[in-house]
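# Examination of the molecular architecture
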Amino acid sequence: MSSAPLETPTHPASPLPVLDWTHRLTQLGPRFWTSLQPTPVAAPRWAARNTDLLAALGWPDALFDDEHLQAFAGNALMVGSHPLATVYSGHQFGQWAGQLGDGRAIWLGEAASAQGPQEIQLKGAGRTPYSRGGDGRAVLRSSIREYLCSEAMHGLGIATTRALCLVASPEPVRRETLETAAIVARVAPSFLRFGHFEHFSSQGDTDKLRALADHTIAHHLPECLERAERWQGNVYAALLDEVQERTAQLLAQWQAVGFCHGVMNTDNMSLLGLTIDYGPFQFMDAFDPGHICNHSDHQGRYAYGRQPNVAYWNLYCLAQALAPLIDDHDMTLQVLEGYKTLFPRFMGDAMRAKLGLTGDLAPESEREADWTLVEDLMQLMAAEKVDFTLFWRQLSQAVVQQSKATTLTDAGWSAVTDLVLDRPRLLAWLARYTTRAGQPNLSAMGQHMLQTNPKFVLRNHLAEMAIRQAQAGDFSEIETLHNLLKSPFDEHPGFEAYADLPPDWAGQLEISCSS
Ligand code: AMP
Ligand code: MG
């Protein structure tokens, strides 16, 4: 890692103002951030422009013109932006890591949008005081993965930071091999992490901690004010409770689509319950609760099946950080306890929805019986190491097929029984399932399932194809994938290959933390 001093580039004339900036974060004061300028890169090129997001935010097309290419590359500053890097700390792989901070993500400010104020960050835009010897860059490979997965998650209806555009540069970046640089412009109402709170708490700076919590509640989570009524008026307990609930919901959604984050360190946990910091993530292919997607995670701390517990562990860290504000040990523990009921409930609902069994108001006994059905199926899936996405999609299709038949037949389930070796076991399960569902309901259930179980997810090998082509100078596959992933429940005729099982070579892909 280089230890060269930070460059202080002078930026050329900025593009005309097109965004309406506010910078509420800066009001927290310079203990929270350091002003700085992005480091320019050579010969930037657009690799992807997310016109859907641009339109949804009501931002002008001019943002994607050539002048703004320079701004998104970090070579020019947008008028009204206020680039800075924020400081945070965190627990990495279960250990206190001390100060971290935005080591390569440069915050440009907060811009008004049709969806309320949105912060914009340039990830990979050069070194910051928090780079700790890192080069402040991101490679094209990992940037394509972040761009596509942010949008894939959004398409799946899962809360996430968004990706506005992707700029590639031939500038060399050293990782295990020599690669090239890229910059993702990512967008979120707030990029605050658990680690921001851990930082000021660990320093014993309760005033700054309170300022941060008050800022968060006032600008991002005003619902905490109402929620405080459940906690004897304690807004900080309500803040923890709000984050706890959002995190429980997020984890249920991750588990339900087979998403493994890979690096669930507390600095990678969003206070708004967004999926953030896409690194060695993976949508599981073969179902295995012990699946580890991060090649550097030797202990399997962040294995698929452990994610919900890790989230709880991380919430515990956040609770410890907020403890001086909540100032009530029993209440803090009581808030945390909530996760133990909420997560199973959200997870149960998410899995029941995958089976077409909806109804949030279902009685507890029905939920429990349904959960047994889910567990038995998951055990079968694990024993068979069946492809997670394909299985659920084929099950949805089989339910549609069966709903058209006057009598149910074993052959009618072939779309899904063809995926397993132990057909009698699956057929026995399917018999229980249809008894529970009731044959007349299958038609509506099947339609619902097709809108719940995606046909397309960003499998590693699909991302890899887009990466290899982009590394050869052709960015078109990024757009093809984006088009599929933004509506992953649609059939997209002609693109069946993208919903296929991974090819043999996909098993050899090693995705590490290096990005
Ligand atoms: P991550 O594992 O990507 O969440 O990163 C953990 C910490 O390392 C954060 O503080 C990042 O900003 C920082 N970091 C990761 N990669 C780099 C890099 N190439 N240059 C500078 N800082 C980095
Ligand atoms: Mg991170």
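Predicted model, so just to flag it, every value in this text is computed and none were measured. (Residues numbered from 1 in each chain as written. Chains lettered and ligands numbered in written order. Predicted model: local features only at pLDDT ≥ 70, side-chain atom pairs only at ≥ 80, totals over all residues. Heavy atoms only, no water.)

### With respect to the coordination of the magnesium ion (ligand 2)
The criterion, for reference: Each metal site is built from N, O and S donor atoms within 2.8 Å (3.2 Å for Na, K and Ca), and since water is not included, such sites may look incomplete. Only protein chains enter the accessibility calculation, which uses a 1.4 Å probe; a residue is then buried when its area is under 20% of its type maximum, exposed when over 50%, and partly exposed in between.
For the magnesium ion (ligand 2), the protein coordination sphere consists of Asn268 (OD1) and Asp277 (OD), at 1.9 to 2.1 Å. For the pair formed by Asn268 and Asp277, the shared burial category is buried.

### Thoughts on the side chain of Ser514
For clarity, the cut-off: The helix count covers DSSP runs of H or I at least four residues long, the strand count covers runs of E at least two residues long, and both are numbered beginning at the N terminus. Contacts are assigned to residue pairs with any non-hydrogen atoms lying within 4.5 Å of each other.
As for its position among the elements, Ser514 is in the segment after helix 16 (476-485). Beyond its immediate stretch of four places on either side in the chain, Ser514 contacts Arg141, Arg175 and Glu176.

### Concerning the environment of Glu171
Tracing the chain through its elements places Glu171 in strand 10 (residues 162-174). On a C-alpha basis, the gap between Glu171 and Pro44 in space is 8.9 Å, while along the polypeptide they are 127 residues apart. Setting aside residues no more than four positions away along its own chain, Glu171 makes contact with Pro40, Val41, Ala42, Arg137, Glu179, Thr180 and Ala181.

### What to know about the site of ligand 1
Definition in use: Throughout this document, a residue counts as near a molecule or strand when at least one of its heavy atoms sits within 4 Å of that molecule or strand. Polar contact is defined as a pair of N or O atoms within 3.5 Å, subject to the rule that within protein one atom must be able to donate a hydrogen and the other to accept it, and that residues adjacent in sequence are counted only when both atoms are side-chain atoms. Calculation of accessible area relied on Shrake-Rupley with a 1.4 Å probe; when residues are assessed, cover is drawn exclusively from the protein chains displayed. Classes in brief: Ala, Val, Leu, Ile, Met, Phe, Trp, Tyr, Cys and Pro nonpolar; Asp, Glu, Lys and Arg charged; the others, Gly included, polar. An automatic or database domain assignment supplies the start and end points of every domain.
Taken together, 17 residues lie near ligand 1, and Gly101, Gly103, Arg132, Asp135 and Gly136 sit nearest. At 2.8 Å, a backbone N or O of Gly136 approaches a nitrogen atom of ligand 1. Contact distances for ligand 1 include 2.9 Å between an oxygen atom and a side-chain N or O atom of Asn268. Relative to its free-state accessible area of 480 Å², ligand 1 is covered by the protein chains to the extent of 82%. Looking at the shell around ligand 1 residue by residue, the classes come out as two nonpolar, seven polar and eight charged. Looking at which domains feed residues into the shell around ligand 1, each of domain 1 (24-191) and domain 2 (204-285 + 300-353) gives three or more.

### Some remarks on the nonpolar core
Formally: The criterion is simple. A nonpolar core is a set of buried Ala, Val, Leu, Ile, Met, Phe, Trp, Tyr and Cys residues joined through side-chain atoms within 4.5 Å.
By size, the foremost hydrophobic cluster in this structure holds 157 residues, and its most contacted members are Trp59, Phe72, Leu164, Phe197, Leu239, Leu458 and Ile478. No other element matches the 13 residues that helix 7 (residues 235-257) contributes to this core. Excluding residues within four positions of it along the chain, Leu164 makes contact with Arg49, Asn50, Leu53, Leu54, Trp59, Leu63, Phe64, Phe72, Tyr147, Ala185 and Val187.

### Comments concerning unusual backbone geometry
The phi dihedral of Phe93 falls on the positive side, at around 50 degrees, and the residue is not glycine. Topologically, Phe93 is positioned in the loop between strand 5 (89-92) and strand 6 (95-99). Even without being a glycine, Asp277 presents a positive backbone phi close to 60 degrees. Secondary-structure assignment places Asp277 in the loop between strand 12 (259-260) and strand 13 (282-283). Overall, Asp277 belongs to the buried group, its relative accessible area being 13%.

### Some details on the pattern of salt bridges
Two side chains with opposite charge may pair up if their charged atoms get near one another. Note the following rule: Whenever a carboxyl oxygen of Asp or Glu lies within 4 Å of a side-chain nitrogen of Lys or Arg, that contact is scored as a salt bridge.
As enumerated under the stated definition, the model contains 32 salt bridges in all. Salt-bridge contacts for Arg31 lead to Asp205; the nearest nitrogen and oxygen are separated by 3.3 Å. On the criterion of sequence distance, the pair formed by Arg31 in the loop between strand 1 (21-22) and strand 2 (33-35) and Asp205 in the loop between helix 4 (194-202) and helix 5 (206-219) is long-range, its members being 174 residues apart. Its relative accessible area of 43% is what places Arg31 among the partly exposed residues. Residue Asp205 is classed as buried on the basis of its relative accessible area of 16%. A salt bridge links Glu366 to Arg352, with the nearest nitrogen and oxygen atoms 3.9 Å apart. Note that Glu366 is positioned in helix 10 (residues 364-384) and Arg352 in helix 9 (residues 329-354), a separation of 14 residues in sequence. By relative accessible area, which is 2% here, Arg352 ends up buried. Several salt bridges share partner residues, and in doing so they unite Glu223, Arg227, Arg230, Asp241, Glu242, Glu245 and Arg246 into one network.

### A short note on the confidence of the model for the protein
The condition that has to hold: pLDDT runs from 0 to 100 and stands for how confident the predictor is about each residue.
Averaged over all residues, the pLDDT of the protein is 95; the fraction at 70 or higher stands at 97%. This stretch, residues 1-5, has a pLDDT under 50; its non-local contacts, to residues over four places away or in other chains, come to eight contacts.

### Quick word on the pairing of strand 11 (residues 178-188)
So the rule is basically this: At least two DSSP bridges between two strands are required for those strands to pair.
Most of strand 11 sits out of view: nine of its 11 residues are buried. Here five bridges tie strand 8 (residues 118-123) to strand 11, and the two strands are oriented antiparallel to one another. Residue pairing for strand 11: Leu122 is matched across the bridge by Ala185. Sheet analysis places strand 9 (residues 138-139) next to strand 11, joined by two bridges and oriented antiparallel. Residue pairing in the sheet places Ala138 in a bridge with Ala182 of strand 11. Across nine bridges, strand 10 lies against strand 11 in antiparallel orientation.

### With respect to the pairing of strand 7 (residues 105-111)
In terms of residue burial, strand 7 counts as a mostly covered element, since seven of its seven residues are buried. In this sheet, strand 8 lies alongside strand 7 in antiparallel orientation, the contact comprising six bridges. Residue Glu110 lies in a different strand from strand 8, and its bridge partner there is Glu119. Between strand 7 and strand 8, which follow one another and run antiparallel, lie six residues, and Gly116 among them has a positive phi close to 85 degrees.

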